[in-house]
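Structural overview for review
Letter by letter, the chains look like this.
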Amino acid sequence: MSIEIRNVNKRFGDFVALEDVNVSLPTGQLTALLGPSGGGKSTLLRIIAGLEKADTGTVSIEGVDATRMSPQKRNVGFVFQHYAVFKHMTVAKNVAFGLEIRRKSKGEVRERVEELLKLVHLSQFADRLPSQLSGGQRQRMALARALAVQPKVLLLDEPFGALDAKVRKELRDWLRRLHDEVPVTTVFVTHDQEEAMEVADEIVVINDGRIEQVGTPDSLYDKPANDFVMSFLGEVTQLGEIRLRPHDIEIALTPDLAGSTSADILRLTRVGFEVRLVAGTDEGQEVSVVTTRSHARALGLEEGERVWLTPSSGAATVPAMKSLLAG
Amino acid sequence: MVELSLPAKWAVRLLAIGYVFFLVGWPVITLTQRTFSDGLASFNAALSDPDVTHALLVTVEISIWAVIINTVFGVGMALLLVRYQFPGKRVLSALIDLPMSVSPVVIGLALMLVYSGRYGWFGPTLESHGLVVIFNSPGMIMATCFVALPLVVREVVPVLEEVGDDQEQAARSLGANAVQVLRRITLPAIKWAVVYGVVLSLARSLGEFGALKIVSGNLTGQTQTAPLVVEQKYNNFAQNEAYAVAFILVAISVLCILVVSLLRPQESTS
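Here the structure is a predicted model, which means the values were calculated and not measured. (Residues numbered from 1 in each chain as written. Chains lettered and ligands numbered in written order. Predicted model: local features only at pLDDT ≥ 70, side-chain atom pairs only at ≥ 80, totals over all residues. Heavy atoms only, no water.)

Turning to the overall build of chain A, a few remarks are in order. Broken down by element type, chain A carries 11 helices and 18 strands. Referenced to the eigenvectors of the C-alpha coordinate spread, the extents of chain A come out at roughly 80 × 45 × 30 Å. Considering chain A as a whole, with its 327 residues, one finds that 51% of them fall into the buried category. Considering only contacts in chain A between residues 6 or more positions apart, those separated by 24 or more positions represent 65%. In chain A, 40 positive and 45 negative side-chain charges are present, and the distance between their average locations comes to 10 Å. (Helix = DSSP H or I, 4+ residues; strand = E, 2+ residues; numbered from the N terminus. Buried < 20%, exposed > 50% of the residue type's maximum accessible area, 1.4 Å probe, protein only. Contact = heavy atoms within 4.5 Å. Lys, Arg positive; Asp, Glu negative; His and termini not counted. Charge placed at Lys NZ, Arg CZ, Asp CG, Glu CD.)

Once that is clear, we can look at the nonpolar core. Nonpolar side chains in soluble globular proteins generally cluster together in the buried interior. Residues and elements named next belong to chain A. One finds Val95, Val113, Leu143, Leu154 and Ile203 to be the most contacted residues of the largest nonpolar core, which totals 47 residues. When residues in this core are grouped by element, the largest group, seven residues, is from helix 5 (residues 135-148). When near neighbours in sequence (up to four residues on either side) are disregarded, valine 113 contacts Ala92, Val95, Ala96 and Leu99. Judged by nonpolar contacts, the second largest core, of 38 residues, contains Ile5, Ile47, Ala49 and Val153. (Core = buried A, V, L, I, M, F, W, Y, C linked by side-chain atoms within 4.5 Å.)

Let us look at the packing of helix 3 (residues 91-101) of chain A against helix 9 (residues 178-207) of chain B. Contact geometry of helix 3 of chain A with helix 9 of chain B gives a least axis separation of 13 Å together with a crossing angle of 155°. Between helix 3 of chain A and helix 9 of chain B, the angle is such that the two are roughly antiparallel. The interaxial crossing formed by helix 3 of chain A with helix 9 of chain B has right-handed handedness. Across the interface between the two elements, Phe97(A), Glu100(A) and Ile101(A) from helix 3 of chain A touch Gln180(B), Arg184(B) and Ile185(B) from helix 9 of chain B. Of the residues belonging to the contact of helix 3 of chain A with helix 9 of chain B, the class tally is three nonpolar, one polar and two charged. (Axes fitted to C-alpha atoms, helices over the stretch in contact; angles between N-to-C directions. Parallel < 35°, antiparallel > 145°, perpendicular 65-115°, else oblique. Left-handed = near helix turned anticlockwise from the far one by under 90°. Nonpolar A, V, L, I, M, F, W, Y, C, P; charged D, E, K, R; others polar.)

Our focus in this paragraph is the sheet that holds strand 10 (residues 210-215) of chain A. All names here are of chain A. A sheet is described by the order of its strands in space; here six strands give the open sequence 6-7-8-3-9-10, paired in mixed fashion. Of all the strands in the sheet, just strand 6 (76-79) and strand 10 have a single pairing partner and so form its edges. Mean inter-strand twist for the sheet, computed between neighbouring axes without regard to direction, equals 15°. Along the sheet face, helix 1 (residues 41-49) touches strand 3 (30-34), strand 6, strand 7 (153-157), strand 8 (185-190) and strand 9 (202-207) and points at about 145° away from the line of strand 7. (Pairing = 2+ DSSP bridges.)

Moving on: the sheet that holds strand 4 (residues 56-61) of chain A. Residue and element names in this part refer to chain A. Pairing is antiparallel in the open sheet, where four strands are placed in the order 2-1-4-5. Of all the strands in the sheet, just strand 2 (15-25) and strand 5 (64-65) have a single pairing partner and so form its edges. Across the sheet, helix 1 lies against strand 1 (3-12), strand 2 and strand 4, angled at about 120° from strand 1, the strand it touches most.

The next subject is a nonpolar patch on the surface. Residue and element names in this part refer to chain B. A grouping of Val60, Ile64, Trp65, Ile68, Ile69, Val72 and Phe73 is seen on the molecular surface, where their side chains present a nonpolar patch of about 660 Å² in accessible area. You can see tryptophan 65 is positioned in helix 3 (residues 50-83). Using a relative accessible area of 45% as the deciding quantity, one classes tryptophan 65 as partly exposed. (Patch = residues over 30% accessible without salt bridge, like charges linked within 9 Å, V, L, I, M, F, W, Y side chains within 5 Å. Areas by Shrake-Rupley, 256 points an atom, 1.4 Å probe, with all protein chains shown as cover. Salt bridge = Lys/Arg side-chain N within 4 Å of Asp/Glu carboxyl O.)

This part takes up the pattern of salt bridges. According to the stated counting rule, one finds 29 salt bridges over all chains in the structure shown. Here Lys93(A) and Glu100(A) are joined by a salt bridge, their closest N and O atoms 3.0 Å apart. With a relative accessible area of 40%, Lys93(A) lands in the partly exposed category. For Glu100(A), a relative accessible area of 25% puts it in the partly exposed group. For Glu241(B), the salt bridge is made with Lys233(B), and the minimal N-O distance between the two is 3.5 Å. Relative accessible area serves as the criterion here: at 13%, Lys233(B) is assigned to the buried category. Connected through shared salt-bridge partners, Lys169(A), Arg172(A), Asp173(A), Asp192(A), Glu194(A), Glu195(A) and Glu198(A) make up one network.

Take a look at the structure:
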């Protein structure tokens, strides 16, 4: 395991940012720390980098206890949400910074900077100032800068959070490809579940300073440990006493299937290839259901029609509990 | 922007220009006129007086020391105020502004009370170790530092706040130690604010009168500074010489302001 976090607690005044966090992040993988804003995921990342000190607990990186190590000794690359570019230096100088601090020879620095700028597709911008770059380019430069020192782990704090949707999508794909090319252990913080599901090998879901679940994107989506994880990773609705995803409900026009619930279609909306509908059960529960357009057409679904709803086999479900619903 | 009618615009302009003219412009123009009313005669008279040239040298020397000390401590204190949390931070911040609101004469008297060789609280101890503070350069430099204290700090603090500490954290995570972060990241980012603060404190230091009159003892040919010489010459009816020295002081201040206004646009493009 590349990064071991044991019993970490962190408070800011009265606010509990992290509460008894224990997690192991595997070597060579791309891990996402996923959770809502203010949940403690950035704090955990900053504690790994040494930019923040844990009140109690230990952090070890590649088997070395780093708990009391200063950030400059940890050999981690850190990429900030707002890029943290060195404004008064050219792109090449920014990337060279860590190498010059390490007193590498001029030739070596030049060679490595060229190589990195090529990797992040910024070779033609080497002599520009960061203010002449777009947001996406700045973030790629920041990545090259962090990679220049060949860090043991690369940490990214909401790396695409300040970019617009299209660039964010591009950079996300690009980060995934980059990680396949340069397989350094990478941890990135995000509050965007789609981003985490698409890019990460493993996801750590953090909420209210605690780790809710750790697993691959598929296992988290299919076997959520609790209601929070389930609702954070996608849409959730309630059918009877269980909570499940709207697309995991099967619709029938007759009560053939065992355990089906009768309901009337209250609203029906077509969005592109899918049909979303809200059905009211006899107990007065409103259930959201998502189905394909062709399936809806085959059944001839319309508002006001009576249907029977059944959780599809193999659907991810969690029991509906009042206390969890509040969160 | 508030839209004004044309006559109102002109009225506002006239009022502003008139105010500055009668308050600053006219007196300075008159001073210049008087200095050169008989050509360079009073100028030559002033500059050939060894007491005057000595006073100018003392002023420059004291000011340079005060500016150097003030810059180092000013940048240090600005960093302390912006980057660190500690108890008593607000008290420190308020104390830094104190010289702005207290008359320099009071500052002079306060320094006397602590460092005077005869009755000061700390002075006799220092003097027994051979360090004479009052009526000597150390006291004069201290008094000048005191009055110019806020100028560097208050220039640098807002810039440090605006820049944030992201760049410093990035540099640390790339392996830079505290000195490297300061030299390579922090100082380049606040460069222009420091320059501006230095120029302002230089102008302020050159012109200091009240505090220096008390702590220097105003000893002609020894601790007398240029502003003090102006007063002495004026009181001794050597008014033309007084005007000439005053003009030199004004000229240096104008030069300082010119330097600053030339730097300002560069600051906004960098």
